Amino acid sequence: MRLVLLGPPGAGKGTLAALLKKSLGILHISTGDMLRDEIKHNTPVGHEAKKLIDNGNLVSDELITTLIKARLKELPSNNYMLDGYPRTLVQAEQLDEYLNDIHKPLDCAVYMEASLKKIIFRLSGRMVCRNCGMLYHRSTRPPLKTGVCNKCSGELYQREDDNEETIKTRMHIYQESTKPIVHYYESKGKLIRIDGDAESEDLEAQLLKKFNESKASNQPKDSR
Ligand code: AMP
């Protein structure tokens, strides 16, 4: 299964992805994590990306598509979910072109729509493990020990782009550049909508139910 997770920053894509990774056993590819890794390792890509990310702007389509194609080529499996990519119509078209060329098209795009109130609440309380990337929230998903990851004991930090000013820029860019992708996948009959305001476990349940419904409706009648 190949899917993309769509939705505004703070819709809960990363948290849902962590749950789906377990329940569906598919890989989770986050372009934000890939870029933060490049920054951490001081690479030329990291240098190019850092200022843009810190200010809430997008890196270029060319850079991110080159990066994601290289990652997809080296994956051990063709079952994955993309989180944070595509983020522009150009990226969506580039992705389709690449996947069609290798005869492994996307199965669906999952769109998590969330209210601004929920988004701001989630982003302003979000904490991330510097070591393993596990996500926490100060009030709804706190770590057992303040500032320390439950899983690997890594240090928790607040992303630099999770501040009020940058959140506004990211939301604006989302509306302008990323939201049109929803219609792109809808027109191709690949869109699944779920309620991004729901808690992550509910979101996972909603989505698994929709997958099962679509599996059932695609089965020949006499095999049901
Ligand atoms: P995320 O972790 O998905 O919120 O991404 C963090 C930041 O990385 C974004 O605000 C962008 O600056 C950059 N980024 C991640 N994915 C993309 C993409 N597909 N296209 C352009 N910039 C991206």
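Model, not experiment: these values are computed from the prediction. (Residues numbered from 1 in each chain as written. Predicted model: local features only at pLDDT ≥ 70, side-chain atom pairs only at ≥ 80, totals over all residues. Heavy atoms only, no water.)

**Structural notes on the overall build of the chain**
Link 1 in the chain: Within the chain, the regular secondary structure consists of nine helices and eight strands.
Link 2 in the chain: Scaling as 2.2 N^0.38, a compact globule of 224 residues should have a C-alpha radius of gyration of about 17 Å, and the chain matches this with 17 Å.
Link 3 in the chain: Dimensions along the principal axes, computed over C-alpha positions, put the chain at roughly 55 × 40 × 35 Å.
Link 4 in the chain: Counted over contacts in the chain with a minimum sequence separation of 6, partners at least 24 positions apart contribute 68%.
Link 5 in the chain: Charge separation in the chain, taken as the distance between the mean sites of 34 positive and 31 negative side-chain charges, equals 4 Å. (Helix = DSSP H or I, 4+ residues; strand = E, 2+ residues; numbered from the N terminus. Rg over C-alpha atoms; globule rule 2.2 N^0.38 Å. Contact = heavy atoms within 4.5 Å. Lys, Arg positive; Asp, Glu negative; His and termini not counted. Charge placed at Lys NZ, Arg CZ, Asp CG, Glu CD.)

**Structural notes on the nonpolar core**
Link 1 in the chain: Counting residues in hydrophobic clusters, the biggest one holds 30 residues, and the most contacted among them are Val 4, Leu 6, Leu 35, Leu 72, Leu 82, Leu 95 and Tyr 185.
Link 2 in the chain: Broken down by element, the residue count for this core peaks at five residues, all from helix H4 (residues 61-74).
Link 3 in the chain: Look past the residues within four positions of Leu 82 in its chain and what remains in contact with it is Leu 3, Val 4, Leu 5, Ile 29, Ile 68, Leu 72 and Leu 95.
Link 4 in the chain: Within the second largest apolar cluster, 22 residues are counted, among which are Ala 11, Leu 20, Ile 167 and Ala 198. (Core = buried A, V, L, I, M, F, W, Y, C linked by side-chain atoms within 4.5 Å. Buried < 20%, exposed > 50% of the residue type's maximum accessible area, 1.4 Å probe, protein only.)

**Points about the environment of Leu 20**
Link 1 in the chain: As for its placement among the helices and strands, Leu 20 is situated in helix H1 (residues 13-24).
Link 2 in the chain: Since its relative accessible area comes to 0%, Leu 20 is described here as buried.
Link 3 in the chain: Remark: the alpha-carbon pair of Leu 20 and Met 81, spanning 61 residues in sequence, is separated by 8.9 Å.
Link 4 in the chain: When sequence neighbours within four positions are dropped, the list of residues in contact with Leu 20 reads Gly 25, Ile 26, Met 81, Glu 204, Leu 207 and Leu 208.

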